[in-house]
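Examination of the molecular architecture
Here is how the chains run, residue by residue.
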Amino acid sequence: STLGGRDETVVGGRITFEIFDGLNSKADASTQKHRSAAYGQEVIQRQEEVEGLFRKLQHELKTRHEVVHLIERNLSDGRRYFSLSTEEYERGVKNSRDMLASLQRYLEQESGHSRALMDYLIVESELLEVLGR
């Protein structure tokens with residue numbers, strides 16, 4: 001039986017929202033702000049480190065370049081001395097010990113030049129790596 005002949009339909013819904021979230025959203029925003037600032041400082045620090053490394057490698061490359069040229073001048077003198085020693089040995093002025101000593105001196109200079117050149121190329125490759133090339 002219907003109550004007084006009325007048909008009723010009921011539809012319901014529920015809406016909820018927080019009036020006060022305990023300042024959580026403000027705290028989350030503040031945390032994100034601080035995290036963003038920290039990342040920014042980290043980027044600046046890394047950039048300064050790379051710039052410092054770049055300057056250091058540039059200076060080292062220049063120094064190694066000067067060393068290679070100095071050794072090349074000495075190597076030229078060593079080559080000339082070895083050549084003169086060879087001529088004097090052939091004329092009988094120098095003996096085999098003199099010849100051996102001049103050859104050893106020249107070979108040590110060649111070896112030193114090779115090491116200096118290798119060191120230069122290593123620094124150059126490190127510098128190019130910092131530049132991203």
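Now for a description of the structure that goes with this document. (Residues numbered from 1 in each chain as written. Predicted model: local features only at pLDDT ≥ 70, side-chain atom pairs only at ≥ 80, totals over all residues. Heavy atoms only, no water.)

**Comments concerning the overall build of the chain**
Regarding its fold elements, the chain presents two helices and zero strands. Considering the chain as a whole, with its 133 residues, one finds that 13% of them fall into the buried category. Long-range contacts, defined as pairs at least 24 residues apart, comprise 75% of the intrachain contacts of the chain with a sequence gap of at least 6. Surface summary for the chain: the accessible area is close to 11300 Å², and the carbon and sulfur share equals 54%. (Helix = DSSP H or I, 4+ residues; strand = E, 2+ residues; numbered from the N terminus. Buried < 20%, exposed > 50% of the residue type's maximum accessible area, 1.4 Å probe, protein only. Contact = heavy atoms within 4.5 Å. Areas by Shrake-Rupley, 256 points an atom, 1.4 Å probe, with all protein chains shown as cover.)

**Thoughts on helix α2 (residues 96-131)**
A turn of α-helix holds 3.6 residues, and therefore any two residues three or four places apart point the same way. An ideal rise of 1.5 Å per residue puts 52 Å on 36 residues; α2 measures up with 52 Å between its terminal C-alpha atoms. By the burial criterion, the buried members of α2 are M99, S102, Y106, Q109, G112, H113, A116, Y120, V123 and L127. Structurally, the start of α2 carries an N-cap: the backbone nitrogen of R97 is 3.0 Å from a side-chain oxygen of N95. (Expected span 1.5 Å × (residues − 1). Polar contact = N/O pair within 3.5 Å; in protein donor to acceptor, adjacent residues only side chain to side chain.)

**Details of the nonpolar core**
If you look at the biggest cluster of nonpolar residues, it comprises seven residues: L57, L61, V68, A116, Y120, V123 and L127. For this core, the secondary-structure elements that each account for two or more residues are α1 (24-91) and α2. If you tally residues by element for this core, the top one is α2, at four residues. (Core = buried A, V, L, I, M, F, W, Y, C linked by side-chain atoms within 4.5 Å.)

**Considering the packing of aromatic side chains**
A ring pair, where both rings are aromatic, is described by two values, the distance of the centres and the angle of the planes. Counted by the stated rule, this structure contains one aromatic pair. In this structure, R105 is placed above the aromatic ring of Y81, and the distance from its NZ or CZ to the ring centre is 4.8 Å. (Phe/Tyr/Trp six-rings, centres within 6.5 Å; stacked < 30°, edge-to-face > 60°. Lys NZ or Arg CZ within 6 Å of the ring centre and 35° of its normal.)

**As for a nonpolar patch on the surface**
Together, L100, L103 and L107 give the surface a local cluster of nonpolar side chains, amounting to about 260 Å² of exposed area. With respect to the element layout, L103 can be found in helix α2. Using a relative accessible area of 31% as the deciding quantity, one classes L103 as partly exposed. (Patch = residues over 30% accessible without salt bridge, like charges linked within 9 Å, V, L, I, M, F, W, Y side chains within 5 Å. Salt bridge = Lys/Arg side-chain N within 4 Å of Asp/Glu carboxyl O.)

**Topic: the side chain of H113**
Tracing the chain through its elements places H113 in helix α2. Using a relative accessible area of 13% as the deciding quantity, one classes H113 as buried. Setting aside residues no more than four positions away along its own chain, H113 makes contact with V68, I71, E72 and L75.

The values are spatial; any link to function lies outside them.
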